[in-house]
Amino acid sequence: MDRKIGVYICECGPNIAEKIDIDKVIKAVSPLDDVSIATRYKLLCSEQGKKFLEEQIKKNGLTHLVVAACSPRDHQHTFMTICENAGINPFLFQLANIREQCAWITENKEEATNKAIRLTKAAIGRVRYHVPLEKKEIESNPDVLVIGGGIAGMEASLHLASPQRKIYLVEKTSQLGGVVTNLEKTFPDMQSCPKIIQDKIDQVTNNDNIKVYTNCEVTEILGFFGNFEGTVTQNNNEDKTTVGFNVGAVVLATGCALFDPTDDPNYGYGKFDNVITALEFEKMNLAGNIRLKNGKTPKSVAIIHCVGRDKKGYCSEICCMYSIKFVRYLQNKIPEIKISNFYTDLCLPEKSYQKFYEQSRGKKNDFIRIDSIKITNPGNKLTITHNDEQGNKKSHGVDMVILSPALEPSVDTKKLAEFTRISQDDEGFFAEEHEKLGPVTTSTEGVYIAGCAQGPKSIQNTLIQAEAVAGKILSSLIPGKKIEPEVKVAHISESFCIGCKTCLTVCSYGVITFDSTKKVCVANEVICRGCGNCVAACPSGAASLKHFTFNQLRQELKEAVL
Amino acid sequence: MKKDDDFMPKILTFLCNWCSYAGADLAGTSRLKYPTSIIPIRVMCSSRVDPLFILKGYLNGADGVLLTGCHPGDCHYQSGNYHTRRRFAVLKKIFENLGLEHERLRLSWISASEGQKYAKITTEFTQKIKELGKNSTGTEIFL
Ligand SMILES: Cc1cc2nc3c(=O)[nH]c(=O)nc-3n(C[C@H](O)[C@H](O)[C@H](O)COP(=O)(O)OP(=O)(O)OC[C@H]3O[C@@H](n4cnc5c(N)ncnc54)[C@H](O)[C@@H]3O)c2cc1C
Ligand code: SF4
Ligand code: SF4
Ligand code: SF4
Ligand code: FES
């Protein structure tokens, strides 16, 4: 095929025209092979400019287009659309950035002009080897599988459900609601909790577009964004009935578990009466029955923060706050009670937490900083021995001890991470795609995390994540709309691949699998993100990246340094 | 005028689309000045940069090669830049072993907001290359 490359240099008003000798650039690139026209224009992204370009492509029968103008971050898309409108494949186009990275970085017009020539030549060198790429469109299923029926899973489901979008909400236990169903009140506003959570449960169960599966677990997830297949198995021991369905996205909202204090003998949990966990205390309090084992009302209580923090190696963010909430519960219900809080660090983030703490302090309520603690039971009285900040050994006798344990990943995290091909972070929670830039997405497109499944957090932050997940899904998985997977993806040539699996180990997205019959690696183009890491890693040249092929880049480099 | 000042080196500069290229654009929109020696090549991720590209660029006349990417932990593709860092370290060793001037290679992390850092690093590196002089390894044939 004869190539006819059109080269258009934008003046960008005075922005480029005053800094670069455009005519000199035209003169330098006109004689190059395949260049059939090189010319300038005032403002290529204006309505007139766009029309001009489209007409030029058609009139001159161009096969490829090079524009020397601003950054691809500004108008690459604009020019690709013009190509499409003019009937040439949008990937037969290259933009040379002669504004942000050329005209604007120097006052020396001659130097800027020389660089602009280089950049335009490099773009021409590259575009010659561009090949047409077809945008793929695949049907997508707008329905969503939500795993975990706590507040996170329910909130996401409620935001997502609509007549066009069915939600399958899978809960392992016999009832919805998760941890929050055990709370009488919530920090920091001390609002009554049971009604709020019951309302949510009712909204979910009464919603025709949410199908709830209690006593169920997900046993398989296959496929990719827009087209997952999930299998759900009933937990009833006798007959394990399974159901399967197709969904476009998966939300992981399996919450977290409490660190088991029997793991640390210093706390005496499981050994001594009246040493209980925070969750056991919440239940006791909700039942309106704060009592010792012998049925009496406690006169003194110790609340121990940060249980298991050392072992886990992280702060669980909310234990200090719910421990302070316990102070409020106790002060309310047993006004004469003496309360001692033992902590290694007080964690009071958020705008209202400090105030909540200050308002909870009182004469009968100590906050004691410790660096080690041991609970013993001499003469059937619980005794707390600890070192204070000065290193002095002290002891206290109390009737009841409440342990506030660290929060850890729920038991099925590993299994579900494997099903969805996402990773777990160092602490074992589901790993988000990026701590800052992708807090609810994961390395598998279409798989999202919300709530304590991602790490310990308050109800408020849980809801924020659930809403963020819903927003992500609502904006990317639109009923009736096809999805467009990335086009510039990796491809592995079966005949060149030596089966070394290097590519497989560098890919962060589980795109590459090993075909053990053919002894080669295969990239699943539908889920490839197009970073090119596998391509640079491949020792045999079998892996290549569309639109950033070895040859395309080589040609660009060659012209750039010539 | 020193002779040095006449020499405008050619510095092949790889930039990843998400951080470094945006940082370089920011240097421009902020009208920061840096030498035109810098010839940008955009890739989606620094991990696309096959060490062979650097070697080829060097053997074919680039006076210096600057490789840039997102800061560790910030790669748009999770961990691409960790691979980049390892490959770069290996390439430097290879350069040393072959007796090539590894001082002509540089790796730098530039975020989308570090226009200033980009201008500074490109200026410094250009100065350094000017001191080293023209790359005499350059051949006529592009491998
Ligand atoms: C003692 C205590 C007190 C607290 N007090 C407060 C407070 O006052 N204020 C506040 O803001 N926050 C408080 N929190 C935090 C609050 O409980 C959490 O923010 C909230 O529960 C997180 O909701 P979630 O849906 O992410 O997780 P969870 O509530 O843990 O729900 C997860 C759900 O997923 C289910 N599940 C687990 N594995 C599977 C599986 N494999 N398949 C299907 N389903 C599964 C579980 O059964 C559960 O129903 C407290 C936490 C604790 C432990
Ligand atoms: S296309 Fe870019 S360079 Fe040209 S006028 Fe528009 S903004 Fe300026
Ligand atoms: S290009 Fe990136 S995402 Fe695609 S297969 Fe290669 S390493 Fe994985
Ligand atoms: S790195 Fe290259 S040769 Fe090795 S398995 Fe992957 S594609 Fe095949
Ligand atoms: S995207 Fe910038 S280094 Fe990977």
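Fair warning: this is a prediction, and the values are worked out from it, not measured in the lab.

Participant: Looking at this model, I keep getting lost on the overall build of chain B. Mind explaining?
Facilitator: Of regular secondary structure, chain B possesses 4 helices and 4 strands. Put simply, chain B runs from its N terminus to its C terminus through helices and strands in the order β-α-β-α-β-α-β-α. The C-alpha radius of gyration of chain B comes to 15 Å, within 12% of the 15 Å expected for a compact globule of 143 residues. Projected onto its principal axes, the C-alpha coordinates of chain B cover approximately 40 × 35 × 20 Å. Every one of the 143 residues in chain B was classed for burial, and the buried ones make up 59%.

Participant: Is there a simple way to explain the overall build of chain A in this structure?
Facilitator: What chain A contains, in helices and strands, is 16 helices and 28 strands. Relative to the compact-globule value of 24 Å for 562 residues, chain A shows a C-alpha radius of gyration of 32 Å, a clear excess of over 25%. For chain A, the share of sequence-separated contacts (at least 6 apart) that also reach a separation of at least 24 residues comes to 68%. About 25,000 Å² of surface is accessible on chain A, with carbon and sulfur atoms providing 48% of the total.

Participant: Would you mind going over the sheet that holds strand E11 (residues 227-234) of chain A with me for this structure?
Facilitator: All names here are of chain A. Ordered in space as E10-E11-E12, the 3 strands form an open sheet in which the pairing is antiparallel. Both edges of this open sheet fall to strand E10 (216-224) and strand E12 (242-247), since each of them pairs with a single strand only. With direction set aside, neighbouring strand axes in the sheet form an average angle of 20 degrees.

Participant: I tried to follow the interface of chain B and chain A on my own but got confused; where do I start?
Facilitator: One frequent convention defines the size of an interface as the accessible area lost when the parts assemble. The interface of chain B with chain A comprises 48 residues on the first partner and 45 residues on the second. Summed over both partners, the interface of chain B with chain A buries about 4,100 Å², with 59% contributed by carbon and sulfur atoms. Joining chain B to chain A, the criterion identifies 15 residue pairs in polar contact (both at pLDDT 80 or more). Elements that contribute at least two residues to the side of chain B that touches chain A include exactly strand E1 (11-16), helix H1 (20-29), strand E2 (38-43), helix H2 (51-59) and helix H3 (80-98) of chain B.

Participant: Explain the domain arrangement of chain A here, please?
Facilitator: Residues and elements named next belong to chain A. The domains assigned to chain A are domain 1 (5-133), domain 2 (144-255 + 410-476), domain 3 (261-406) and domain 4 (490-546). Here the C-alpha centroids of domain 2 and domain 4 sit 32 Å apart. Counting residues at the interface gives 7 residues for domain 2 and 6 residues for domain 4. For the domain 2 and domain 4 pair, buried surface summed over both sides reaches about 520 Å², with 48% attributable to carbon and sulfur atoms. The largest contributions to the domain 2 side of the interface with domain 4 come from Phe224, Arg421 and Ser443, which together make up 69% of the buried area. At the junction of domain 2 with domain 4, the criterion picks out 1 salt bridge. Arginine 529 serves as the salt-bridge partner of glutamate 433, at 3.2 Å between the closest nitrogen and oxygen. Taken together, the links from domain 2 to domain 4 amount to 2 residue pairs in polar contact (both at pLDDT 80 or more). Here the side of domain 2 that touches domain 4 is composed, by residue class, of 1 nonpolar, 3 polar and 3 charged.

Participant: Help me out: how do you make sense of the packing of helix H10 (residues 319-333) of chain A against helix H11 (residues 350-360) of chain A in this one?
Facilitator: Relative orientation and spacing of two packed helices are given, respectively, by the angle between their axes and the distance between those axes. Residues and elements named next belong to chain A. Viewed as axis vectors pointing N to C, H10 and H11 meet at an angle of 35 degrees, and their least axial separation amounts to 10 Å. Note that H10 runs across H11; the crossing there is left-handed. Facing H10, whose interface residues are Met321, Ile324, Lys325, Val327, Arg328 and Gln331, H11 presents Tyr353, Phe356, Tyr357, Gln359 and Ser360. In terms of residue class, the contact of H10 with H11 is made up of 6 nonpolar, 3 polar and 2 charged.

Participant: Even after reading the chapter, I still don't get the pattern of salt bridges, so can you show me in this structure?
Facilitator: Close approach of charged atoms allows side chains of opposite charge to pair. Considering all chains together, one arrives at 38 salt bridges over all chains under this definition. Linking B:Arg104 and B:Glu101 is a salt bridge whose minimum nitrogen-to-oxygen distance equals 2.8 Å. For B:Arg104, a relative accessible area of 1% corresponds to the buried category. Here the salt bridges do not stand alone but share partners, grouping A:Arg3, A:Asp34 and A:Arg128 into one network.

Participant: Before we go on, may I ask you to explain the environment of A:Ile151 in this structure?
Facilitator: Summarising the element assignment, A:Ile151 is placed in helix H6 (residues 151-160). The sequence separation of A:Ile151 and A:Glu317 amounts to 166 residues, and the corresponding C-alpha distance is 18 Å.

Participant: I tried to follow the site of ligand 2 on my own but got confused; where do I start?
Facilitator: Around ligand 2 sit A:Cys10, A:Cys12, A:Ile16, A:Leu43, A:Leu44, A:Cys45, A:Ala69, A:Cys70, A:His75, A:Phe79 and A:Arg99, and those are all the residues in its vicinity. In terms of residue class, the shell around ligand 2 is built from 9 nonpolar, 1 polar and 1 charged.

Participant: Help me out: how do you make sense of the site of ligand 3 in this one?
Facilitator: The full set of residues close to ligand 3 is A:Ala490, A:Cys507, A:Tyr509, A:Val511, A:Ile512, A:Cys528, A:Arg529, A:Gly530, A:Cys531, A:Gly532, A:Asn533 and A:Cys534. For the shell around ligand 3, the per-class residue count stands at 8 nonpolar, 3 polar and 1 charged.

Participant: What is the right way to read the nonpolar core from this model?
Facilitator: Counting 99 residues, the largest nonpolar core has A:Ile20, A:Ile98 and B:Phe14 as its most contacted members. Sort the elements by how many residues they give to this core and helix H5 (residues 109-127) of chain A lands first, with 8 residues. Looking at this core, you find at least three residues from each of domain 1 (5-133) and domain 4 (490-546) of chain A. What A:Ile20 contacts, discounting residues up to four positions off in sequence, is A:Val25, A:Ile98, A:Cys102, A:Ala103, A:Lys109, A:Ala112, A:Thr113 and A:Ala116. Among the nonpolar cores identified, the runner-up in size contains 35 residues, and A:Ile290, A:Cys319, A:Leu348 and A:Tyr353 belong to it.

Participant: Explain helix H4 (residues 115-132) of chain B here, please?
Facilitator: One turn of an α-helix holds 3.6 residues; hence residues three or four places apart share an orientation. Residues and elements named next belong to chain B. Given a rise of 1.5 Å per residue, 18 residues ought to cover 26 Å, and the 26 Å separating the end C-alpha atoms of H4 matches this to within 8%. Listed as buried for H4 are Gly115, Tyr118, Ala119, Ile121, Thr122, Phe125, Thr126, Ile129 and Lys130. Contacts made by the buried residues of H4 are with E1, H1, E2, strand E3 (64-69) and strand E4 (105-109). With its phi angle positive at about 85 degrees, glycine 133 sits one or two positions after the end of H4.

What counts, and where the lines are drawn
Along each chain, the written sequence defines residue order, and numbers are assigned to residues from 1. Here every chain gets a letter starting at A, and every ligand a number starting at 1, in the order they are written. Reporting in this predicted model follows two pLDDT cut-offs: at least 70 for local features of residues, and 80 or more for side-chain atom pairs to be given and counted; totals over whole chains, interfaces and linings ignore these cut-offs and use all residues. Based on all heavy atoms of the structure, the side-chain values leave hydrogens and waters out of the count. Going along the chain from the N terminus, every DSSP run of H or I of four or more residues is numbered as a helix, and every run of E of two or more is numbered as a strand. A radius of gyration in this sense is built from C-alpha atoms; the matching globule rule multiplies 2.2 Å by the number of residues raised to 0.38. Exposure classes here rest on a 1.4 Å probe applied to the protein chains alone. A residue is buried below 20% of its type maximum, exposed above 50%, and partly exposed in between. The contact rule is simple, with two residues in contact once any of their heavy atoms fall within 4.5 Å. Accessible surface is estimated by sampling points in the Shrake-Rupley manner with a 1.4 Å probe; for residues, cover comes only from the protein chains shown. When DSSP finds at least two bridges between two strands, those strands are taken to pair. Axis definition: a line fit to C-alpha positions, over the contact stretch in the case of helices; interaxial angles, taken between N-to-C directions, run 0 to 180 degrees. Put simply, buried area is the surface a 1.4 Å probe can reach on two separate parts but cannot reach once they are joined, added for both. Two N or O atoms count as a polar contact when they lie within 3.5 Å, although within protein this holds only if one can serve as hydrogen donor and the other as acceptor, and sequence-adjacent residues are included solely when both atoms are side-chain atoms. Domain ranges listed in this record stem from an automatic or a database domain assignment. Between Lys or Arg on one side and Asp or Glu on the other, a salt bridge is scored when a side-chain nitrogen of the former is within 4 Å of a carboxyl oxygen of the latter. Residue polarity is assigned by list, with Asp, Glu, Lys and Arg as charged and Ala, Val, Leu, Ile, Met, Phe, Trp, Tyr, Cys and Pro as nonpolar; anything else, Gly included, falls into the polar class. Take the far helix as your reference; a near helix turned counterclockwise from it by less than a right angle gives a left-handed crossing, and one turned clockwise gives a right-handed crossing. Proximity criterion: a residue is near a molecule or strand once any of its heavy atoms comes within 4 Å of it. Only buried Ala, Val, Leu, Ile, Met, Phe, Trp, Tyr and Cys residues count toward a nonpolar core, and they belong to the same one when joined by side-chain atoms within 4.5 Å. Multiply 1.5 Å by the residue count of a helix minus one, and that product is the helix's expected span.

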